[in-house]
Amino acid sequence: MDHMELAFKHLNRLDPRLVSFLEKQLQRIPAVRRRIAADTRAMMDEVAPALKPYQEDFATVATIPDKGPSHDEVLETMGRLQALETNRWQEGYASGAVYHGDPDHIAFLNRVYALYSQANPLHADLWPSITKFEAEIVAMTAAMLGGDDSRDPVCGTLSSGGTESILLAMKTYRDRARAEKGLRRPEMVVPVTAHAAFDKAAEYFDIKIVKIPVDRHYRADVRAAARALNRRTVVLVGSAPSFPHGMVDPIAELSELARRRGVGFHTDACLGGFVLPWAEALGYDVPPFDFRLPGVTSLSVDTHKYGYAAKGTSVVLYRTPALRRYQYFTIADWPGGLYCSPTFAGSRPGALSAACWAAMVSIGQNGYREATRRILETAADIKAGIREIPDLYILGDPLWVIAMASRRLDIYRVMDVMGRKGWSLNGLHRPSCVHLCVTLRHTQPGVAPRFISDLKAAVKEVRQAPATEGGMAPVYGLAANLPLRGVVGGILKAYVDALYRL
Ligand SMILES: *Cc1c(COP(=O)(O)O)cnc(C)c1O
């Protein structure tokens, strides 16, 4: 173990608040700041070529061309670029990312997009058909998620993605507490495994986020939740399932706790909303998570994941229209006219709503059930394959988002070797693990066996060979264990800067 690692190990034992204080003090020293900035820049210079692979073969366009090339020329260039990127996801090498991806389905959605590329639901008078599609998407989704069995008029809105659905719901609870209770310093109680969008909501809307731990099955700890609730809590959150480990939190217990304490409860079913209802219909053991539970007051669910729509849509549902109203924005005295909008955006892409509606009605209940059956059967094969590999274990007991770790090997090195074999897996930390989110892409013949044989070979290679230079393993190891979270945050900002470099 080198000195840095030893130092981190010790720092990790300190109170995080103390470490954060020490870090801030250190960063006040100009020499320290300069050194961190220089190291970050050097790191990014190394990463940059991987982020910009087309600099050699394609012209960089930094100003609007005087006279644009012809449509054919533009399409030719973009077609070549796109073709370079299709194989990996098409052939099932990606975790999540593309959830359906059959050429027929894509061609169908593209035709719908073409019909509506000019539509903007902000102008409901010009495109009332988009209004119809959006109302029906919300109604169909609510009915699938227990809205039909509830006495309450479950309702909602369309949004641009899971993150927006979550941000909207959190803003809604903040504003309700402000209006109905005069609450000025709201808090939300969220499992550590909940999606980063909840932290984003806390930062954007100035809500204090209180994290609760998960148990040894990676499910939110109900007793910790009970202790974390207080007079300022506006919402308690659970995932169905969580992004990192694919485990469904004990939503029945958590939502009942929230109901008894008079607190809102949000189920984040972004990942599972279009899988779990069909898994239940197929006879899988699915814990309750939707509006059939009286304590669940809102729910996020991504049509652009297992709803198999094009990217750019999600649904946020509320138990009552009264709660949904806190999401809306209205202004009555703007010189631009009477203005109102349901979500963060003003103008919105009506074509994406149209494509989402087309996906849902054309796939139908049979299609969703069949897709879920194929995904869960493939995931079962993959889990069985992983369990045969002695050095690996699966975290918790997930249905189709499979996180694996190792007690003996550096799991990030396994991920690196898989990367060289073409696989794009998700690296996770706290604890260190890697996951595969199984989609319809993986249900194609040969994909799951290829994953398992590549994984076996990767584990063997890591077991036998000493660590080589390069790869992302050291970066992950460092980022996971470095207690100086401000430094890690700075590196991430430099990464975003690098994405926007030419
Ligand atoms: C994907 C996901 C989100 C966020 O979705 P985006 O569409 O990427 O914004 C939120 N929660 C969970 C559990 C997810 O898997």
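Residues numbered from 1 in each chain as written. Predicted model: local features only at pLDDT ≥ 70, side-chain atom pairs only at ≥ 80, totals over all residues. Heavy atoms only, no water.

Chemist: Any chance you could explain the packing of aromatic side chains here in plain terms?
Modeler: Two descriptors summarise a pair of aromatic rings, namely the distance from one centre to the other and the angle between the planes of the rings. Summed over the entire model, instances satisfying the criterion amount to 15 aromatic pairs. Ring centres of Tyr 54 and Phe 58 lie 5.6 Å apart, and the angle between their planes is 80°; on these two criteria the pair is classed as edge-to-face. With a relative accessible area of 12%, Phe 58 lands in the buried category. Plain terms: the ring middles of Trp 278 and Tyr 368 are 6.1 Å apart, the flat faces sit at 15° to each other, and that makes the pair stacked. Of this pair, Trp 278 sits in helix H11 (residues 276-281) while Tyr 368 is found in helix H13 (residues 350-387), placing the two residues 90 residues apart along the sequence. (Phe/Tyr/Trp six-rings, centres within 6.5 Å; stacked < 30°, edge-to-face > 60°. Buried < 20%, exposed > 50% of the residue type's maximum accessible area, 1.4 Å probe, protein only. Helix = DSSP H or I, 4+ residues; strand = E, 2+ residues; numbered from the N terminus.)

Chemist: Looking at this structure, I do not really get helix H14 (residues 411-420). What am I missing?
Modeler: Note on helix geometry: an α-helix contains 3.6 residues per turn, so any two residues three or four positions apart are oriented the same way. Along H14, 8 of the 10 residues are buried, which leaves the element largely enclosed by surrounding structure. If you check which residues of H14 are buried, you get Ile 411, Tyr 412, Arg 413, Val 414, Met 415, Asp 416, Val 417 and Met 418. If you follow the buried residues of H14, they end up packed against strand S11 (401-405), strand S12 (426-428), strand S13 (433-437), helix H15 (447-464) and helix H16 (473-481). Its side-chain oxygen at 2.9 Å from the backbone nitrogen of Tyr 412, Asp 410 defines the N-terminal cap of H14. At the exit of H14 stands Gly 422, carrying a positive phi of roughly 105°. (Contact = heavy atoms within 4.5 Å. Polar contact = N/O pair within 3.5 Å; in protein donor to acceptor, adjacent residues only side chain to side chain.)

Chemist: Looking at this structure, how should I read the site of the ligand?
Modeler: Neighbouring the ligand are 13 residues; Gly 162, Thr 163, Asp 268, His 304 and Lys 305 lie closest to it. Between Asp 268 and the ligand, the recorded distance is 2.6 Å, taken from a side-chain N or O atom to a nitrogen atom. Within the contact set of the ligand, an oxygen atom lies 3.3 Å away from a side-chain nitrogen or oxygen of Asp 302. Bound to the protein, the ligand loses 85% of the 380 Å² it would expose on its own. (Near = heavy atom within 4 Å. Areas by Shrake-Rupley, 256 points an atom, 1.4 Å probe, with all protein chains shown as cover.)

Chemist: I tried to follow the nonpolar core on my own but got confused; where do I start?
Modeler: As a rule of thumb, soluble globular proteins bury nonpolar side chains together. If you look at the biggest cluster of nonpolar residues, it comprises 88 residues, and the most contacted ones within it are Tyr 306, Ile 386, Trp 400 and Phe 451. Broken down by element, this core gets its largest block of residues, 11 residues, from H13. Excluding residues within four positions of it along the chain, Tyr 306 makes contact with Tyr 99, Leu 271, Phe 274, Val 275, Tyr 368, Ile 375, Trp 400, Cys 437, Val 438 and Thr 439. Among the nonpolar cores identified, the runner-up in size contains 25 residues, and Cys 155, Ala 194, Ile 207 and Val 316 belong to it. (Core = buried A, V, L, I, M, F, W, Y, C linked by side-chain atoms within 4.5 Å.)

Chemist: When you look at the pattern of salt bridges in this model, what are you seeing that I'm missing?
Modeler: When their charged atoms lie close together, side chains carrying opposite charge are able to pair. In the structure shown here, the tally under the stated rule is 22 salt bridges. Its salt-bridge partner being Arg 232, residue Glu 187 comes within 3.4 Å of it at the nearest N-O pair. Separated by 45 residues along the polypeptide, Glu 187 in strand S2 (residues 187-191) and Arg 232 in the loop between helix H9 (222-228) and strand S4 (233-239) bring together distant segments of the chain. Taken together, the salt bridges that share partners define one network made up of Lys 171, Arg 174, Asp 175 and Arg 178. (Salt bridge = Lys/Arg side-chain N within 4 Å of Asp/Glu carboxyl O.)

Chemist: Any chance you could explain the packing of helix H5 (residues 103-116) against H13 here in plain terms?
Modeler: Packed helices, taken two at a time, are described by their axes: the angle between them and the distance between them. Relative orientation of the contacting elements H5 and H13 amounts to 140°, with a least axis distance of 8 Å. When the interaxial angle is binned, H5 and H13 end up oblique. For the crossing formed where H5 meets H13, the hand is right-handed. Contacts between H5 and H13 involve His 105, Phe 108, Leu 109, Val 112, Tyr 113 and Tyr 116 on the former and, on the latter, Ala 351, Leu 352, Ala 354, Ala 355, Ala 358, Ala 359, Ser 362 and Ile 363. In terms of residue class, the contact of H5 with H13 is made up of 12 nonpolar, 2 polar and no charged. (Axes fitted to C-alpha atoms, helices over the stretch in contact; angles between N-to-C directions. Parallel < 35°, antiparallel > 145°, perpendicular 65-115°, else oblique. Left-handed = near helix turned anticlockwise from the far one by under 90°. Nonpolar A, V, L, I, M, F, W, Y, C, P; charged D, E, K, R; others polar.)

Chemist: Would you mind showing me how to read the side chain of Lys 383 here?
Modeler: With respect to the helices and strands, Lys 383 occurs in helix H13. If we skip the residues at most four places from it in the chain, Lys 383 touches Ile 394, Pro 398, Leu 399 and Ile 402.

Chemist: Which parts of the structure should I look at to understand unusual backbone geometry?
Modeler: Peptide bonds are mostly trans, and most non-glycine residues show a negative phi. In the segment running from Ala 240 into Pro 241, the intervening peptide bond is cis, with an omega of -10°. Mapped onto the fold, Pro 241 is located in the loop between S4 and helix H10 (251-260). The linkage connecting Arg 430 with the following residue, Pro 431, adopts the cis geometry, with an omega of 0°. Mapped onto the elements, Pro 431 comes out in the loop between S12 and S13. Despite not being glycine, Tyr 308 shows a phi value in the positive range, around 65°. On the basis of relative accessible area, Tyr 308 is assigned to the buried category, the value being 3%. With respect to the element layout, Arg 430 can be found in the loop between S12 and S13. On the accessibility criterion, Arg 430 (55% relative accessible area) is exposed.

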